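Below, each chain spelled out in residue letters.
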Amino acid sequence: MGSILVRNLDDDVISELEVKAKENHRSLEAEIRFLLTEIANRRSQLTSFREFSKRVMASTADTQRTDSVDLIREDRDR
């Protein structure tokens, strides 16, 4: 596994990360590792979500859709 050295990190950022780590019962290093992993995985999660959305849209292509704005306006007018 690789290592990263981050220099010149604002003290307030470090303090917030320490608080977050304590809340999650992790060391500062473990918290930063967790956050970086989450950020790195977001792109693949977003791609998976988009593919899933396309499949759902394709499977309901014959279904009439109503604009939610129209539904909200109708509800407010009542």
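Shown above is the structure to which this text applies.
First, a word on scope: everything that follows refers to the structure included in this document.

What counts, and where the lines are drawn
Residues numbered from 1 in each chain as written. Predicted model: local features only at pLDDT ≥ 70, side-chain atom pairs only at ≥ 80, totals over all residues. Heavy atoms only, no water. Helix = DSSP H or I, 4+ residues; strand = E, 2+ residues; numbered from the N terminus. Rg over C-alpha atoms; globule rule 2.2 N^0.38 Å. Buried < 20%, exposed > 50% of the residue type's maximum accessible area, 1.4 Å probe, protein only. Areas by Shrake-Rupley, 256 points an atom, 1.4 Å probe, with all protein chains shown as cover. Lys, Arg positive; Asp, Glu negative; His and termini not counted. Charge placed at Lys NZ, Arg CZ, Asp CG, Glu CD. Patch = residues over 30% accessible without salt bridge, like charges linked within 9 Å, V, L, I, M, F, W, Y side chains within 5 Å. Salt bridge = Lys/Arg side-chain N within 4 Å of Asp/Glu carboxyl O.

Digging into the overall build of the chain
When helices and strands are tallied, the chain shows 3 helices and 0 strands. Relative to the 2.2 N^0.38 estimate, which gives 12 Å for 78 residues, the radius of gyration of the chain is 22 Å and therefore markedly larger than a compact globule would have. In terms of its C-alpha atoms, the chain occupies a principal-axis envelope of roughly 55 × 35 × 25 Å. Buried positions account for 5% of the 78 residues belonging to the chain. Summing over all exposed atoms, the chain offers an accessible surface of approximately 7,700 Å²; the carbon and sulfur share of this is 52%. Within the chain, the 16 negative side-chain charges are centred at a point lying 6 Å from the centre of the 14 positive side-chain charges.

Remarks on a nonpolar patch on the surface
Judged by side-chain polarity, I4, V6, L9, V13, I32, L36 and I39 come together as a nonpolar surface patch covering roughly 630 Å² of accessible area. At 3 residues, helix α2 (residues 28–59) tops the list of elements feeding residues into the nonpolar patch. The topology assignment puts L9 in the segment before α1 (11–23).

A closer look at the pattern of salt bridges
In the structure shown here, the tally under the stated rule is 5 salt bridges. We note a salt bridge from E31 to R26, for which the minimum N-O separation is 2.7 Å. In this structure E31 comes out as buried when scored by relative accessible area, which is 0%. As a salt-bridge pair, R78 and D75 come within 3.9 Å of each other at their nearest N and O atoms. On the basis of relative accessible area, R78 is assigned to the exposed category, the value being 72%. Note on D75: relative accessible area 47%, which makes it partly exposed. Put simply, E74, D75 and R78 are held in one network by salt bridges that share partners.

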